[in-house]
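Examining the three-dimensional arrangement
Below are the chains, spelled out letter by letter.
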Amino acid sequence: WKATARMEDEQSGEGVFGRELEKTIKEVVPNLDPLDAPEFDPVAYINEIFPDERSLTHAKLESDDVSKKRRPHHRLDVRLASVKREMISISEDISRSVRQHSCQRMQTKQAVDDAKTSIQDLFDKIRGIKEKAEKSEKMVQEICRDIKSLDCAKTHLTTTIAALMKLHMLVQAVDMLVKMSEQKQYKEVANRLGAVDMLFLDFQSYSHIPKIQQLKKTMVKERAKLQTQIIAEFQSYGTNPSMGLDDMVVMLREGCLVMQALGVKAKDELLIWFSRSKLAPYTNIFGPGKPAAELRQCDRRYAWLRRTLREYDEQFGGIFPKSWGVPAVLSRDFCYLTKDHLRTVLKSQVQTMDINALVA
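Rules of the game
Residues numbered from 1 in each chain as written. Predicted model: local features only at pLDDT ≥ 70, side-chain atom pairs only at ≥ 80, totals over all residues. Heavy atoms only, no water. Helix = DSSP H or I, 4+ residues; strand = E, 2+ residues; numbered from the N terminus. Buried < 20%, exposed > 50% of the residue type's maximum accessible area, 1.4 Å probe, protein only. Contact = heavy atoms within 4.5 Å. Areas by Shrake-Rupley, 256 points an atom, 1.4 Å probe, with all protein chains shown as cover. Core = buried A, V, L, I, M, F, W, Y, C linked by side-chain atoms within 4.5 Å. Lys, Arg positive; Asp, Glu negative; His and termini not counted. Salt bridge = Lys/Arg side-chain N within 4 Å of Asp/Glu carboxyl O. pLDDT = per-residue confidence, 0-100. Axes fitted to C-alpha atoms, helices over the stretch in contact; angles between N-to-C directions. Parallel < 35°, antiparallel > 145°, perpendicular 65-115°, else oblique. Left-handed = near helix turned anticlockwise from the far one by under 90°. Patch = residues over 30% accessible without salt bridge, like charges linked within 9 Å, V, L, I, M, F, W, Y side chains within 5 Å. Charge placed at Lys NZ, Arg CZ, Asp CG, Glu CD. Expected span 1.5 Å × (residues − 1).

1. Some remarks on the overall build of the chain
On a plain count of helices and strands, the chain comes out with twelve helices and two strands. Element order for the chain, N to C, with α for helix and β for strand: α-α-α-α-β-β-α-α-α-α-α-α-α-α. Sorting the 360 residues of the chain into buried and exposed places 20% on the buried side. Counting only contacts in the chain whose residues sit at least 6 apart along the sequence, the fraction spanning at least 24 positions is 61%. Summing over all exposed atoms, the chain offers an accessible surface of approximately 26600 Å²; the carbon and sulfur share of this is 58%.

2. Let's talk about the nonpolar core
Looking at soluble globular proteins, one finds that nonpolar side chains tend to be buried together. Ranked by size, the top nonpolar core spans 41 residues in total, and within it F234, V258 and F320 carry the most contacts. Broken down by element, this core gets its largest block of residues, eight residues, from helix α8 (residues 245-262). If you look at the next biggest cluster of nonpolar residues, it comprises seven residues, including F286, A292, W304 and F334.

3. With respect to the side chain of E254
Tracing the backbone through its elements, the reader meets E254 in helix α8. Within the buried set, E254 has no salt-bridge partner at all; the shortest N-O distance to an opposite charge, 5.6 Å, is to K187.

4. A closer look at unusual backbone geometry
You will see that K184, though not glycine, has its phi angle at about 60°, which is positive. Within the element layout of this structure, K184 appears in the loop between α5 (75-182) and α6 (186-201).

5. Focus: the confidence of the model for the chain
This prediction gives the chain a mean pLDDT of 81; 81% of its residues lie at or above 70. Ranking the helices and strands of the chain by mean pLDDT puts helix α9 (residues 264-286) first, with 91, and helix α1 (residues 2-12) last, with 46.

6. Details of the packing of α9 against helix α11 (residues 326-348)
Where α9 meets α11, the closest approach of the two axes is 10 Å, and the angle between their N-to-C directions is 40°. Of the possible angle classes, the one that applies to α9 and α11 is oblique. Crossing hand, α9 versus α11: right-handed. For the pair α9 and α11, contact is made by L271, F274, S275, K278, L279, Y282, T283 and F286 and by V326, V329, L330, D333, F334, L337, T338 and H341, respectively.

7. Looking at a positive patch on the surface
Residues R300, R306, R307 and R310 make up a contiguous surface patch of positive charge. Within the secondary structure, R306 sits in helix α10 (residues 298-316).

8. Here's the deal with α8
Between its terminal C-alpha atoms α8 stretches 25 Å, which fits the 26 Å expected from 18 residues at 1.5 Å a residue. Looking at α8, one finds that the buried residues are M248, V249, M251, L252, E254, G255, C256, V258, M259 and L262. On its buried side, α8 packs onto α6, α7 (210-235) and α9. The first or second residue beyond α8 is G263, which carries a positive phi of 125°.

9. Things to note about the pattern of salt bridges
Taken as a whole and assessed by the stated rule, the structure comprises seven salt bridges. Across the pair D124 and R127 runs a salt bridge, and its minimum N-O distance is 2.9 Å. Taken together, the residues span about one helical turn, with D124 and R127 both in helix α5 at a distance of three residues. For D124, a relative accessible area of 35% puts it in the partly exposed group. Take R127: its relative accessible area is 44%, and that puts it in the partly exposed class.

10. What to know about α9
The terminal C-alpha atoms of α9, which comprises 23 residues, lie 32 Å apart, in line with the 33 Å expected from a rise of 1.5 Å per residue. Along α9, the positions that sit buried rather than exposed are A266, L270, L271, F274, S275, L279, Y282 and F286. Contacts from the buried residues of α9 go to α7, α8, α10 and α11.

11. A word on a nonpolar patch on the surface
A cluster of nonpolar side chains, contributed by I119, L122, F123 and I126, occupies part of the molecular surface with about 370 Å² of accessible area. You can see L122 is positioned in helix α5. Accessibility expressed as a relative area gives 46% for L122, which makes it partly exposed.

Written as structure tokens, this is what we have:
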């Protein structure tokens, strides 16, 4: 029976610790009470205390504190009384432990409630901090957006101020250019033309603005006026008694600077006019139908060119820039005219022409 009960307890696993755990507890807290042994056998324990029937009734003398007498007690009664006292003591210990655990449970419950309250407060604080952080982030975004808008406004304002300053400079430059042109200050006009062109480059994207359009029209008119005016100055060279020759040379030299600043087209038109004006007498003397147009007088043509180039060096050598190559232009146009003249002469004399005389 005893073995069967132990097997049932081991199979159920209730109230029985593992063997290794019980061994460890026994090593840490040694206990000599056989009732605490895990392999306690109540039958063997009773048989050990009461090995026979006589031991159940065998008397044991014990002193009575009241009567100061010794009276006999059976060993069974003594053992039962001892067990009852131990049971009462254990019951009291259990009750005391229950009361202590009850108090501790209440304290634990209070501590758990306090912990829950603290956790809830902590959650509320975290939630509040999160809301404040979200508000702060939103505020920072708004501030950044405002800063970006202000930065864009600053950039636009700076660009506007710079554009207005350049527009003011352009207006002043155009007005000064017109005044200098009227006063024939051609050197300053040449310098101003480049500056005005540079300023107009900054306003290419503003060409639709009426003020810019007006300034452009003014400059187009002024350029045409300057070109016509300088060509007229060349035409009056040597015929204006109110101005000395040296002053006229200086003015025409500065006029060439203006024509160069006006561009290649203006310079070429001046050279074309100058070449035609210088070669006009050549056509009057050696043109087809003239007495000097005969083939036997070709030497006179080149003599006239040499004389004309010498006159150019004397009169206009200090006026035109060397880089323009005006003598080369005159020589080139002279050759073209001579070719046309000789072609016309040869065509008119094709029937009466003596080939041998030409070859000789």
